[in-house]
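Inside the fold
Listed below are the residues making up each chain.
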Amino acid sequence: MIEKIKEIVKKLFKENKIDIFIGYGEGTLSLRATPCFITGQDDIKKLVWNSYCFNNLAVYLPGFFLPQLKKKDVKLPRIGILAKGCDGRSIVGLIKEHQIPRENLYIIGINCEGMIDIEKTQNAVCKMQEIEIVSAEEKSGKVLLEDEDNKKTELKKEELLADVCKDCQYTAPLIYDVLIGEEKRKTKEKERAAFIKEFEKKPLEERWKYFQEQVSKCIRCYACRQACPNCYCKECFADQTKPKWIGATDNISDIMFFQIGRILHQAGRCVDCGACVRACPMGIDLRIFTYKLIEDVKEFFGYEVGISLEETPPLATFKQDDKQEFITEP
């Protein structure tokens, strides 16, 4: 797959179709890849594709366009981007919300077999996390790991997949200019939503307590916001001073206000890519709250993010047959 990626990118630069390409490069640590920005053919060799390319690259796109979209007679950059299923759906969401222009994008869609969870891998090798993994090699659905003591461990890749990847329904983007590999769509929606259904069965008081326990760990570093492709506001409500919505303190009420506000802003936007979960240094279970929104948006509006460029986002339109029970019977 990586050779195919390099071949396409080389052709795009050769035919002068893009100014920059966003993909993945080798990370400085094992089990990691890093976002990579290519501006010419000489740097194409830096590109990699493996099970550690978990960053959602769509997060970088608004920064290339937002400062210039409102200016007249400004030539916008032409961006090539490698997109997994979740990246592609985020891109569609950004296009529909007029944050990036479709005509300035060349999307290389790629079928994703799932990304490896670093924490799961570390725990599987050494539960106390005192030993560092120095190398990882994938072959035939297995991962061969070697730690700093030269001890080798072989594990099944499927056992190490991130939870969001295990539950992923769209392994490749639905909107693209060229697709590498064949999309393998999963249809077991009931199994995907099982974890949130179990949570919903709990009494309201127990769910509220769990939310408080989780957000009480928040240190307001805003890593979740920065990693999310759909948190693109130039000025976040949490940073505003006129009006000042929340205090810059570690008071639990301020923390809850920020988390509730950010999560609710993802209604009709979240694609369950897991970027916020991976970015959180405190291990907050953010996904259980954002996934609840995904299910609610499906139920109330029959809408799924990033599937179509034509369908209007639910919070940007009104339909006569929209359900109203969430207002009248909260």
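Residues numbered from 1 in each chain as written. Predicted model: local features only at pLDDT ≥ 70, side-chain atom pairs only at ≥ 80, totals over all residues. Heavy atoms only, no water.

Some words on the sheet that holds strand β6 (residues 142-147)
One open sheet accounts for three strands, arranged β5-β6-β7; its pairing is antiparallel. Looking at strand neighbours, the two that pair on one side only are β5 (133-139) and β7 (152-156), the edges of this open sheet. Looking at each pair of strands side by side, their axes are set apart by 20° on average, direction ignored. As paired strands, β6 and β7 are joined by five bridges and run antiparallel to one another. Within the sheet, the bridge partner assigned to Glu-146 lies in β7 and is Lys-152. (Pairing = 2+ DSSP bridges. Helix = DSSP H or I, 4+ residues; strand = E, 2+ residues; numbered from the N terminus. Axes fitted to C-alpha atoms, helices over the stretch in contact; angles between N-to-C directions.)

Considering helix α11 (residues 252-264)
Between the first and last C-alpha of α11 there are 18 Å, a value that for 13 residues agrees with the 18 Å anticipated at 1.5 Å per step. Restricting attention to buried positions, one finds in α11 the residues Asp-254, Ile-255, Met-256, Phe-258, Gln-259, Gly-261, Arg-262 and Ile-263. The secondary structure elements touched by the buried residues of α11 are α9 (204-215), α10 (223-227), α12 (275-279) and α13 (287-301). (Expected span 1.5 Å × (residues − 1). Buried < 20%, exposed > 50% of the residue type's maximum accessible area, 1.4 Å probe, protein only. Contact = heavy atoms within 4.5 Å.)

Section: the confidence of the model for the protein
Looking at the protein as a whole, its pLDDT mean stands at 87, while 95% of the residues score no less than 70. When pLDDT is averaged over each helix and strand of the protein, the minimum, 71, is found for helix α7 (residues 189-192) and the maximum, 96, for strand β3 (residues 79-83). (pLDDT = per-residue confidence, 0-100.)

Here we look at the sheet that holds strand β1 (residues 20-26)
Here five strands make up an open sheet; going across it, the order is β2-β1-β3-β4-β8 and the pairing mixed. With one partner strand each, in any of the chains shown, β2 (33-38) and β8 (178-180) form the two edges of the open sheet. In this sheet, adjacent strand axes meet at a mean angle of 30° when their direction is disregarded. In terms of strand pairing, strand β4 (residues 105-110) meets β8 through three bridges, oriented parallel. Paired with Ile-108 across the bridge in β8 is Val-178. Packing of helix α1 (residues 2-14) onto the sheet brings it into contact with β1, β2, β3, β4 and β8, and relative to β4 it is tilted by some 170°. Sitting on the sheet, helix α3 (residues 85-96) touches β1, β3 and β4, and the angle it makes with β3 is about 135°.

Description of the pairing of β5
Here six bridges tie β5 to β6, and the two strands are oriented antiparallel to one another. The partner of Glu-137 across the bridge, within β6, is Leu-144. If you look at the hairpin formed by β5 and β6, you'll find two residues sitting between the two strands, and Ser-140 has a positive phi there, around 55°.

Some words on the nonpolar core
Among the nonpolar cores identified, the biggest contains 54 residues, and Phe-21, Trp-49, Ile-91 and Leu-105 are the most heavily contacted of them. No other element matches α1, which puts five residues into this core. Not counting the four nearest positions on each side in its chain, Trp-49 is found in contact with Met-1, Ile-2, Ile-5, Tyr-24, Leu-82, Lys-84, Ile-110, Asn-111, Cys-112 and Met-115. The next biggest cluster of nonpolar side chains, apart from the first, holds 34 residues, and it includes Cys-224, Phe-258, Cys-273 and Ala-275. (Core = buried A, V, L, I, M, F, W, Y, C linked by side-chain atoms within 4.5 Å.)

Structural notes on the side chain of Gln-99
Checked against the element boundaries, Gln-99 lands in the loop between α3 and β4. Look at Gln-99 and you get buried, because its relative accessible area is 11%.

A closer look at the packing of aromatic side chains
Per the counting criterion, the structure on display carries eleven aromatic pairs. Pairing Phe-199 with Phe-289 gives two aromatic rings, centres 6.5 Å apart and planes at 80°, and the pair type is edge-to-face. Here Phe-199, found in helix α8 (residues 194-200), pairs with Phe-289, found in helix α13; they are 90 residues apart in sequence, far enough to count as distant. When its relative accessible area of 11% is taken as the criterion, Phe-199 is described as buried. Seen from their ring centres, Tyr-222 and Phe-258 are 4.9 Å apart, and the 65° between their planes marks the pair as edge-to-face. Residue Tyr-222 is found in the loop between α9 and α10, and its partner Phe-258 is found in helix α11; the two are separated by 36 residues along the sequence. Neither Tyr-222 nor Phe-258 differs from the other in exposure class; each is buried. An aromatic cluster is built from Phe-199, Trp-208, Tyr-210, Phe-211 and Phe-289, whose rings are joined through pairwise contacts. Directly above the aromatic system of Tyr-222 lies the positively charged group of Arg-225, at a separation of 4.2 Å from the ring centroid. (Phe/Tyr/Trp six-rings, centres within 6.5 Å; stacked < 30°, edge-to-face > 60°. Lys NZ or Arg CZ within 6 Å of the ring centre and 35° of its normal.)

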